Amino acid sequence: MGVQADQAGRGAHRPTFITNVRNAPRLTSPPPIRVGTMTDTPDTEPLCVEARPGLTRRASCGLLLTLPLSGAAAQTPPQVRPTPGAAGMFTAKAEGAHTRSFAEKLDDYALSVMDFMSPEQISDARQRLGRIDCTAAFNAAFDAAQRSGRTVYVPDGVYLVGNLRFGSQSTSAGSLSPLGLLGQSKLGTILRARAGLTGTVLQSWSITGVTFSDFTIETAGTAAMAWDCRWKAGDGPSTQNVIRHIIVTGGTAPVHVNWDNLNDTYPTEVTVRVDDRQAASCGISMVQGGGLSLLRGCIWSGCFLRFGSQNGKIDGCWGHGIEFAKGCTNHVEISAGYFYGNPTHKSVFWSQSYSSFNSVRALVCTATQFVTENTPTAAYFDLNAYSILKFTACQWLGPTPALIGARARTDSYATVLVRIEGGTHTGKLTLGDRPGFEIECDAFMNDATGRMVTKARGGSFVPEVRGNGRTPGTYARGGKTFGRYRRQGNIVHFRLRIEWSGHSAAGNNASLYILGLPLEFDADGVETVTLEYSGSSFAGRNVRANFANGAIAFLTADGGPVALPRDGDLILSGNYSVTA
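Residues numbered from 1 in each chain as written. Predicted model: local features only at pLDDT ≥ 70, side-chain atom pairs only at ≥ 80, totals over all residues. Heavy atoms only, no water.

Undergrad: Just to check I follow, could you spell out the overall build of the protein chain for this structure?
TA: The secondary structure content of the protein chain amounts to 3 helices and 51 strands. Out of the 580 residues belonging to the protein chain, those deemed buried represent 51%. A fraction of 64% describes how many contacts in the protein chain between residues 6 or more apart in sequence connect residues 24 or more apart. Here the protein chain has roughly 25,000 Å² of accessible surface; of this, 49% comes from carbon and sulfur atoms. (Helix = DSSP H or I, 4+ residues; strand = E, 2+ residues; numbered from the N terminus. Buried < 20%, exposed > 50% of the residue type's maximum accessible area, 1.4 Å probe, protein only. Contact = heavy atoms within 4.5 Å. Areas by Shrake-Rupley, 256 points an atom, 1.4 Å probe, with all protein chains shown as cover.)

And the structure:
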């Protein structure tokens, strides 16, 4: 006999379910009792039933429904204990539970998209054919769930869809929307874009507190964006959406998933796969003006991540590179990651824009691999940076020699420290400083030689000689001139040699000063300087050098100034403290 289903809601259909009871007696009295929607957990399919007394129906969710005949002994299944003599009522098998109707109980659960599908659509989806368009059914389910404040549930199957609109799509404020979109399983519930689709498959603008879980969106072979879930009205509030266990197979769209301005939303175990050897498109765009951004266990394959945050963390992810968004402060921590060089952008990490200064203020990577073995990359990192790039227990794999690329920039008054603590590289990596970047490392193993590399922070500079209070003058710099320094904490150790001839500012009571030392002096710090060699210019004179206003001044034994010679050759060494 047939057990008919009905679901209150605009556009709902009435599928028929056939019982599995052999030789079931024909019952004409009493009449059937409507009990509404039945489901046990959000991970199982809702079932709409019309039960008749005396029949037992096991729903797909595993809940046994029994309505006792008058005078008959009631069966008591593990999940539900019917109340004797009260047809259509039940009591949960738990201490303190109250008795209520099946209809009331069943309204606790999600609204199934299949309630809005025809029998032909349901059959097509269940057989995983994906031939009959279900767009209208999905949008009707979203509208009904929005009105009733419920979640939309999608059973396993392949659903052919067009442009889906989840929520009211506000562009000026927060949107009204269902409470969630839940599939039965990540690999089993598939929303497949119809051929030639443009625009967006799933659009859910400006939503807060919504859960998206366990489904796949397929856009391969189309130009459609898979999912646009950004906060459309500019920088969003603390949205606190839940996004987890989702797969996207991308087509030819320039961006496949957009989560921009969803502050305080933390996607978990989301995979975006694109069949593109050049990885030219953006798999995930997650750019926030403020708040916290957190990605966990996410993958972007054949595409890249665009990331921007005030404070962000990328944990246990891998993909074809990260583009740090322009206009963001980007204090970012990355841990347990695996990142490939991007064939299009020629780096593992790079900046979205180089036309003006946009910074990664601080980047800290731990236990992460950077791989360029099969990718022609010019450098590992091409970043506009501000303070520190720190790598602890990381690994560099591949033939790329440059750690910092030619496009990398720093602010004009800031020197970026690149600090490597532990880890390994294949032996191809060079650790030379670039302008504005100073590289230091400790216990960094070269796998090719088996040797540990230790490189203190330091670099070179060009010392200058001039007279105090006078025009700098011109002179010929000798070939022996050099300047080297090493920084430990806030103390700079230096050694320099300056050789000059024909200084135009000599005489005229000009005093000898040496300038050009790196970093900014701490006026209240401790400084020492030693004159190692003075050449013939100071023969027979008792001269001592000391710091004055960030330069090295020369004094006679009685404290008077030393005149700037026309020709000279000096070797100096010492240390001084710095302010930053």
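Undergrad: So what exactly am I meant to see when it comes to the packing of aromatic side chains here?
TA: The geometry of two aromatic rings is summed up by the distance between their centres and the angle between their planes. Enumeration according to the criterion identifies 26 aromatic pairs in this entry. Aromatic side chains Trp396 and Phe444 sit 5.3 Å apart centroid to centroid with 75° between the ring planes, which places their arrangement in the edge-to-face category. With Trp396 in strand 36 (residues 395–397) and Phe444 in strand 40 (residues 437–446), this pair connects stretches of sequence that are 48 residues apart. The pair formed by Trp396 and Phe444 is uniform in burial state, with each residue classed as buried. On the numbers, 6.4 Å between centres and 55° between planes, the contact of Phe461 with Tyr485 is tilted. A residue pair is termed long-range when its members are at least 10 positions apart, and Phe461 in the loop between strand 42 (458–460) and strand 43 (464–467) and Tyr485 in strand 45 (residues 482–488) qualify at 24 residues. Each member of the pair, Phe461 as well as Tyr485, is classed as buried. Here a set of aromatic residues connected by ring pairs shows up, and it is made of Trp300, Phe324, Phe339, Phe349, Phe370, Tyr380, Phe381, Phe391, Trp396 and Phe444. The ring of Trp205 has Lys232 sitting right over it, with the charged end atom 4.5 Å from the ring centre. (Phe/Tyr/Trp six-rings, centres within 6.5 Å; stacked < 30°, edge-to-face > 60°. Lys NZ or Arg CZ within 6 Å of the ring centre and 35° of its normal.)

Undergrad: Is there a simple way to think about the side chain of His256 in this case?
TA: Its location among the elements puts His256 in strand 20 (residues 255–258). Within polar-contact distance, the side chain of His256 engages the side chain of Ser281 at 2.9 Å. Those residues in contact with His256 that sit more than four places away from it in its chain are Met225, Ala226, Trp227, Gly250, Gly251, Val272, Val274, Ser281, Cys282 and Gly283. (Polar contact = N/O pair within 3.5 Å; in protein donor to acceptor, adjacent residues only side chain to side chain.)

Undergrad: Is there a simple way to explain the sheet that holds strand 47 (residues 512–515) in this structure?
TA: Neighbouring strands of a sheet are bound in pairs by backbone hydrogen bonds; such pairs are parallel or else antiparallel. The strand order across the open sheet built from 4 strands is 43-47-50-49, with neighbouring strands paired in antiparallel fashion. The strands lining the two open edges of the sheet, one partner per strand, are strand 43 and strand 49 (543–548). Neighbour-to-neighbour, the strand axes of the sheet open up by a mean angle of 30°, direction not taken into account. (Pairing = 2+ DSSP bridges. Axes fitted to C-alpha atoms, helices over the stretch in contact; angles between N-to-C directions.)

Undergrad: Explain the nonpolar core to me, please; I cannot follow it from the model alone.
TA: Nonpolar side chains in soluble globular proteins tend to end up buried together. Tyr159, Phe212, Trp259, Trp300, Phe349, Phe370 and Trp396 are the most contacted members of the largest nonpolar core, which has 86 residues in total. It is helix 3 (residues 135–148) that provides the largest number of residues to this core, a total of 6 residues. Not counting the four nearest positions on each side in its chain, Phe349 is found in contact with Ile322, Phe324, Ile334, Phe339, Leu363, Cys365, Phe370, Tyr380, Phe381, Asp382 and Leu383. Trp500, Ala510, Leu564 and Tyr576 belong to the second largest nonpolar core, which has 27 residues in total. (Core = buried A, V, L, I, M, F, W, Y, C linked by side-chain atoms within 4.5 Å.)

Undergrad: Which parts of the structure should I look at to understand the environment of Lys313?
TA: With respect to the helices, strands and loops of the structure, Lys313 is situated in strand 26 (residues 311–315). For the pair Lys313 and Leu363, spaced 50 residues apart in sequence, the C-alpha separation works out to 9.9 Å. With near-sequence residues (within four places) excluded, Lys313 lies in contact with Ser293, Leu294, Leu295, Phe307, Glu333 and Ser335.

Undergrad: Explain the pattern of salt bridges here, please?
TA: Note that side chains of opposite charge can pair when their charged atoms are close. Under the counting rule described, the total for this entry stands at 13 salt bridges. For Glu218, the salt bridge is made with Arg192, and the minimal N-O distance between the two is 2.7 Å. Taken together, the residues span a long stretch of sequence, with Glu218 in strand 17 (residues 211–218) and Arg192 in strand 15 (residues 189–193) at a distance of 26 residues. Here Asp228 makes a salt bridge to Arg230, at a shortest N to O gap of 2.9 Å. Overall, the relative accessible area of 2% leaves Asp228 in the buried class. Residue class for Arg230 comes out partly exposed when judged on its relative accessible area of 25%. Sharing partners across several salt bridges, the network here consists of Lys390, Arg419, Glu421 and Glu440. (Salt bridge = Lys/Arg side-chain N within 4 Å of Asp/Glu carboxyl O.)

Undergrad: What am I meant to see in the sheet that holds strand 16 (residues 200–203) here?
TA: Strand order in the open sheet formed by 9 strands is 13-16-18-20-22-25-28-31-34, and the pairing between neighbours is parallel. Looking at which strands have only one partner, the edges of the open sheet turn out to be strand 13 (164–165) and strand 34 (381–382). Note that strand 20 and strand 22 (residues 282–287) share 3 bridges and pair parallel. Directly across from Val257, in strand 22, lies its bridge partner Ile284.

Undergrad: Any chance you could explain helix 3 here in plain terms?
TA: Residues that lie three or four places apart on an α-helix share one face, since the helix turns once every 3.6 residues. Between its terminal C-alpha atoms helix 3 stretches 20 Å, which fits the 20 Å expected from 14 residues at 1.5 Å a residue. The complete set of buried residues in helix 3 reads Thr135, Ala137, Phe138, Asn139, Ala141, Phe142, Ala144 and Ala145. (Expected span 1.5 Å × (residues − 1).)

Undergrad: Can you walk me through the pairing of strand 50 (residues 551–556) in this structure?
TA: A regular strand places its side chains so that they alternate between the two faces of the sheet. The buried count for strand 50 comes to 6 of 6 residues, which makes it a mostly enclosed element. Burial along strand 50 is two-sided: Ala551, Ala553 and Leu555 facing one way and Ile552, Phe554 and Thr556 facing the other are all buried. Bridge count between strand 47 and strand 50: 2 bridges; the pairing is antiparallel. Following the sheet pairing, Ile514 is matched in strand 50 by Ile552. Of the pairings in the sheet, the one linking strand 49 to strand 50 comprises 6 bridges and is antiparallel in character. Following the sheet pairing, Arg544 is matched in strand 50 by Leu555. Here strand 49 folds back onto strand 50, and the loop between the two strands holds 2 residues, one of which, Asn549, carries a positive phi near 55°.

Undergrad: Explain unusual backbone geometry to me, please; I cannot follow it from the model alone.
TA: Glycine aside, residues mostly have negative phi, and peptide bonds are mostly found in the trans state. With a phi close to 60°, Gln169 is a non-glycine residue in the positive phi region. Of note, Gln169 is situated in the loop between strand 13 and strand 14 (180–183). Using a relative accessible area of 15% as the deciding quantity, one classes Gln169 as buried.

Undergrad: I'm lost on the side chain of Ser309 in this one. Help?
TA: By the element assignment, Ser309 lies in the loop between strand 25 (304–308) and strand 26. On the basis of relative accessible area, Ser309 is assigned to the buried category, the value being 1%. Side chain to side chain, Ser309 and Ser293 meet in a polar contact 3.3 Å long. A polar side-chain atom of Ser309 sits 2.6 Å from the main-chain carbonyl oxygen of Asn311.

Undergrad: Sorry if this is basic, but what is going on with helix 2 (residues 119–126) here?
TA: Of all the positions in helix 2, only Gln121, Ile122, Asp124 and Ala125 are classed as buried. Down the axis of helix 2, the smallest arc covering the buried residues is 165°, so these residues share one side. Exposed side of helix 2, more than 90 degrees from the buried face: Pro119 and Glu120 are the residues found there. Looking at the buried side of helix 2, the elements it contacts are helix 3 and strand 12 (157–161). (Arc of directions from axis to C-beta.)

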